[in-house]
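Observations on the three-dimensional arrangement
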Amino acid sequence: MTLRRLLFPVFIILFAALISPFDHASAQTGNSDLGTGSGNLRCGNTFAEFQDRAGASVKHGSQTIFVGHAQVSSNNQNPIVASWTTGSQDWCRDDIETNDDDGRGVGLYWDGGSTFYGIFTATGTQGSSSSDYRRFTENGWLRHYTDASPGGGGGGKVTIVLRINADTGAPDTGTFITARLSNNKTNSTKAVGIDVAPNGNVVMRMESTFHARNTDKSRMECSAYPIDHFIEFTPDLSQAVGSTASNCTPNSNSAPPPNAPVPQYIDRVSPAGNATEQPASITLRWEEDAYSDWYGVTLVGPGSYTYTNWYDGAFVCNNGTCTAPAVSLPGAGEYTWYMNSWGADTTGANIDNHPGFLGHWNETTFRVGDNPPDVIDRQGPQGNQNDPSIDFVWSHDTTAQWYRVYVVNPNGADYDQWFAATDTVGNPYNFDGVCSAGTCSVSPQMSGWWFPNGTYQWYMVAYGEGGMGDWTATSFEFTVNLDPPTPLNVNAPSNASAGTVNVQWDDNTGAAWYHIWIGSQDHTQTFEYDWFDADEVCGSGTCGIPVDMPAGDVEVWMQAWGPGGFSSPDGSNSSASWHGPTRFTVQ
């Protein structure tokens, strides 16, 4: 805990001045003040009266800026902000909010520069937006009293922060800060501290009611009071960049306020994010956080594996690095490492002695064992295809054992098949041994895929000992647009003898398969009836199959199919259309 112990005195000094309430309202020489003066002022009051009554004031050099309110009726106050230099009033604004709502100035942050931040209150919205805070908060994180409160207003006193020109008193931007009840109504907040970080971000410390808000304006899940809420804004107050509250759990969309004295995201040392080839017995190391006392670790891995533990920083952290005892993991695969932390309040301005702050979960991943295959480098098919026999070709990844090819089919069911890179013992299918010499190829004879005319998109993913790789992010697209097969020409055998007869026909342009029936002319016997792959039965312009048949009169009927459809004598492209009969006699 060395780092935290070194920083502790620094933040005690810093936040004691910036955040603690004050017992009187005389001008503060620091940068911020949330005073306890009566705040009851008028622009016509003297400098001494401003000093005595102001709700808050900050002085730099000879200039002092004050905030407070004017009691304009028995149940209505309007905020006042004014600047004085060497006892003379530079300007005074009592028109920031002049509706019937109860508005007051209660706090300031000013570092002596050209702008300062004023803290104000409201209890609702009454009257026109042209005469209240809304004309300055229209671009703020919360634009009005019921912004991001679908249930409407609740009547509680809430906080408004405005950025104001120190030379003129003119606000140029601002935001409301409200809580949100379980019924989604607005609930009250009270500012107890303000600071401006070196990057210009505005850090507010709020005493919140149920429930403090996340950065996305949703409510945190809060369990008890007190709700000590730190929320950090961009300099223009348009965006919340971090939000943490005691007794509350922020959502996953939120983040810790980076310039507040609360637990921050925990940075990993080892294994680093996306580390690979890690051992199964692994030692976890992370950077010590200045505001964390306990560190929560959760590992989620293959199957249902989960490991969770909390570690006391006093025992696991030394010289800025924390080391947990080795964890034995069940085996190879990808693991997600979640971390959170908890820390006691260190500012010296603890609200009602709350227990401390729970941080925000963040996550990294690492891999035990081999890496998964990379994204597959496809080579084709792509573009227009002029051959009915389409091969799928890609570069072999040596870490891949199986490849999945997925083709989106515009004509019906998609094509989807796994292929083994090498011959697989016991594999009853012809889907293995597709890779050789750095290239993998799947032909229609291996896949059984034939593609009718249309446009197809195809994707790939690979699997190996390191697990599943990533899918190809974009599709390869190919188009088949071929004519139907031309009419068939069967060459009738001459002087055929009983036994095995070779039946031949001319290879047909555009044909991928041939459907053949061969039998007796009286149709009482069938000698062959099947589909035949053109790539297997054709060559050099001629196709043929051996058929066993007895002596007698024989006839042949045929049809051809290709991506363009069916051959047909009548040009109908119909699956019911056959060529024939071709007749011959077997002796």
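For the structure given in this document, a descriptive report is provided here. None of these values were measured; they are calculated from a predicted model.

A closer look at the overall build of the protein chain
Scanning the protein chain from terminus to terminus reveals six helices and 48 strands. In terms of overall dimensions, the protein chain is more spread out than a globule: its C-alpha atoms have a radius of gyration of 40 Å, far above the 25 Å expected for 587 residues. With the C-alpha coordinates aligned to their principal axes, the bounding extent of the protein chain is approximately 135 × 60 × 40 Å. Partitioning the contacts of the protein chain with sequence separation of at least 6, the portion at a separation of at least 24 is 62%.

Let's talk about the sheet that holds strand E36 (residues 439–442)
The strand order across the open sheet built from four strands is E30-E32-E36-E35, with neighbouring strands paired in antiparallel fashion. The open sheet has two edge strands with one neighbour each: strand E30 (378–380) and strand E35 (435–436). Sheet topology note: the E35/E36 ladder contains two bridges and is antiparallel. Bridge assignment links Ser-436 to a residue of E36, and that residue is Thr-439.

Here we look at the nonpolar core
Side chains that are nonpolar tend, in soluble globular proteins, to be buried together. Within the largest apolar cluster, 39 residues are counted, with the highest numbers of intra-cluster contacts made by Phe-116, Tyr-117, Tyr-133, Leu-162, Ile-194, Met-204 and Phe-233. The contacts of Tyr-117, once residues within four sequence positions are left out, are Gly-107, Leu-108, Tyr-109, Val-161, Leu-162, Arg-163, Ile-194, Val-196, Gly-200, Val-202, Pro-235 and Leu-237. In this structure, Ile-390, Tyr-403, Ala-462 and Phe-478 belong to the second largest nonpolar core, which totals 27 residues.

Let's talk about the pairing of strand E46 (residues 552–562)
Of all 11 residues making up E46, eight are buried, and the element is well covered by its neighbours. Sheet analysis places strand E42 (residues 513–520) next to E46, joined by eight bridges and oriented antiparallel. When the sheet's bridge partners are listed, Ile-516 is paired in E46 with Met-558. In the sheet, E46 pairs with strand E48 (residues 579–586) via six bridges, with the strands oriented antiparallel. Paired with Val-556 across the strands is Thr-582, a residue of E48. Note: E46 against strand E47 (residues 565–566), two bridges, orientation antiparallel. Each bridged residue has a counterpart across the sheet, and for Gly-562 the counterpart in E47 is Gly-565. Between the antiparallel neighbours E46 and E47 lie two residues.

What to know about the state of the cysteines
In total, this model carries five disulfides according to the counting rule given. The partner cysteine of Cys-317 in its disulfide is Cys-322, sulfur to sulfur 2.0 Å. Between Cys-317 and Cys-322, the S-S torsion sits near 95°, and that sign places the bridge as right-handed. Exposure remark for Cys-322: the relative accessible area of 0% places this residue in the buried category. In this model Cys-435 forms its disulfide with Cys-440; the gap between the sulfur atoms is 2.0 Å. Because the torsion about its S-S bond is 100°, the bridge between Cys-435 and Cys-440 counts as right-handed.

Description of the pairing of strand E43 (residues 526–533)
Where E42 and E43 come together, seven bridges link them in antiparallel fashion. Opposite Gly-519, over in E43, you have Thr-526 as the bridge partner. Where E42 folds back onto E43 in an antiparallel hairpin, the turn is made up of five residues, including His-523, whose phi is positive at roughly 65°.

Looking at a nonpolar patch on the surface
A cluster of nonpolar side chains, contributed by Trp-294, Trp-310 and Trp-361, occupies part of the molecular surface with about 320 Å² of accessible area. Considering the arrangement of structural elements, one finds Trp-294 in strand E22 (residues 294–300).

Notes on the side chain of Thr-215
By the secondary structure assignment, Thr-215 is in the loop between strand E13 (202–208) and strand E14 (221–222). The exposure class assigned to Thr-215 is buried, which follows from its relative accessible area of 14%. Apart from residues lying up to four places away in sequence, Thr-215 is in contact with Trp-141, Ala-240, Val-241, Gly-242, Ser-243, Asn-253, Ser-254 and Ala-255.

Comments concerning the sheet that holds strand E15 (residues 227–233)
Across the sheet, which stays open at both edges, the four strands sit in the order E12-E13-E15-E16 with antiparallel pairing between neighbours. Both outer strands of the open sheet, strand E12 (189–196) and strand E16 (240–245), are each paired with one neighbouring strand and no more. Ignoring which end each strand starts from, the neighbouring axes of this sheet average 20° apart. Pairing analysis gives five bridges linking E15 to E16, with the strands arranged antiparallel.

Points about empty space enclosed by the protein
Taken as a whole, this structure holds two cavities of 30 Å³ or more when the rule is applied. Estimated volume of the largest cavity: approximately 60 Å³. If you trace the largest cavity, you find it lined by Glu-97, Asn-99, Asp-101, Ala-122, Gly-124, Thr-125, Gln-126, Asp-132, Tyr-133, Arg-134 and Phe-176. Here the residues of the lining of the largest cavity sort into three nonpolar, four polar and four charged.

Observations regarding the environment of Ser-88
Position of Ser-88 among the secondary structure elements: in strand E5 (residues 88–93). Here Ser-88 falls in the partly exposed class, since its relative accessible area comes to 45%. When the C-alpha atoms of Ser-88 and Gly-564 are compared, they prove to be 94 Å apart, with 476 residues separating the residues in sequence.

Notes on the pattern of salt bridges
Two side chains with opposite charge may pair up if their charged atoms get near one another. A full pass over the atoms with the stated rule returns 12 salt bridges. Here Arg-219 makes a salt bridge to Glu-221, at a shortest N to O gap of 3.4 Å. Ionic pairing is found between Arg-367 and Glu-334, a salt bridge with its closest N-O pair at 3.8 Å. In this pair, Arg-367 is assigned in strand E29 (residues 362–368) and Glu-334 in strand E27 (residues 333–343), connecting sequence segments 33 residues apart. Beyond isolated ion pairs, a larger network of salt bridges with shared partners links Arg-205, Asp-228 and Asp-345.

Section: the packing of aromatic side chains
Within this structure, the stated rule accounts for 31 aromatic pairs. With centroids separated by 6.0 Å and ring planes inclined at 80°, the aromatic side chains of Phe-419 and Trp-449 adopt a geometry described as edge-to-face. Here the residue Phe-419 occupies a position in strand E34 (residues 415–420), and Trp-449 occupies one in the loop between helix H5 (444–447) and strand E37 (454–464), the gap between them amounting to 30 residues. Ring centres of Trp-531 and Phe-566 lie 6.5 Å apart, and the angle between their planes is 55°; on these two criteria the pair is classed as tilted. Taken together, the residues span a long stretch of sequence, with Trp-531 in strand E43 and Phe-566 in strand E47 at a distance of 35 residues. Here a set of aromatic residues connected by ring pairs shows up, and it is made of Phe-392, Tyr-415, Phe-419, Trp-449, Phe-451, Tyr-456, Trp-458, Phe-476 and Phe-478. Here the basic side chain of Arg-268 rests over the ring of Trp-337, its NZ or CZ set 4.9 Å away from the ring centre. Just above the ring of Trp-458 sits the side chain of Arg-378; from NZ or CZ to the centre is 5.6 Å.

Criteria and thresholds
The numbering scheme is per chain: residues are counted from 1 as the chain's sequence reads. Reporting in this predicted model follows two pLDDT cut-offs: at least 70 for local features of residues, and 80 or more for side-chain atom pairs to be given and counted; totals over whole chains, interfaces and linings ignore these cut-offs and use all residues. Where side-chain values are given, they derive from all heavy atoms of the structure, hydrogens and water being excluded. Helix and strand assignments follow DSSP, with helices taken as H or I runs no shorter than four residues and strands as E runs no shorter than two, numbered in order from the N terminus. Radius of gyration here is computed from C-alpha atoms only, and the compact-globule reference equals 2.2 Å multiplied by the residue count raised to the power 0.38. The contact criterion used throughout is that any non-hydrogen atoms of two residues lie within 4.5 Å. Here the rule is simple: two strands pair whenever DSSP picks up at least two bridges between them. Definition of nonpolar core: a set of buried residues of the types Ala, Val, Leu, Ile, Met, Phe, Trp, Tyr and Cys, connected through side-chain atoms within 4.5 Å. Accessible area is worked out with a 1.4 Å probe on protein chains only. A residue is then buried under 20% of its type maximum, exposed over 50%, and partly exposed in between. Two cysteine sulfur atoms make up a disulfide if the distance between them is within 2.5 Å. A patch is a set of surface residues, each over 30% in relative accessible area and not in a salt bridge, joined within 9 Å for like charges and within 5 Å for the nonpolar side chains Val, Leu, Ile, Met, Phe, Trp and Tyr. All accessibility values rest on the Shrake-Rupley procedure with a 1.4 Å probe; residue burial counts only the protein chains present in the view. A side-chain nitrogen of Lys or Arg and a carboxyl oxygen of Asp or Glu constitute a salt bridge if their distance falls within 4 Å. Every axis in this analysis is a line fitted to C-alpha atoms, fitted for helices over the stretch in contact. Angles between the N-to-C directions lie between 0 and 180 degrees. Cavities and pockets were defined on a 1 Å grid built from protein atoms only: a cavity is a group of points that admits a 1.4 Å probe but offers it no way out, a pocket is an open group of points flanked by protein on both sides within 12 Å along at least five of seven lines, and a lining residue is one with an atom within 4 Å of any such point. Grid points are joined across faces, edges and corners, and a volume is the space filled by probe spheres set on the points. Polar here means any residue outside two lists: the nonpolar Ala, Val, Leu, Ile, Met, Phe, Trp, Tyr, Cys and Pro, and the charged Asp, Glu, Lys and Arg; Gly therefore counts as polar. Centre distance within 6.5 Å is the pairing criterion for rings of Phe, Tyr and Trp, where only the six-membered ring of Trp is used; planes under 30 degrees apart are then read as stacked, over 60 as edge-to-face, and the remainder as tilted. A ring is scored as having a charge over it whenever the NZ atom of a lysine or the CZ atom of an arginine sits within 6 Å of its centre and within 35 degrees of its normal.

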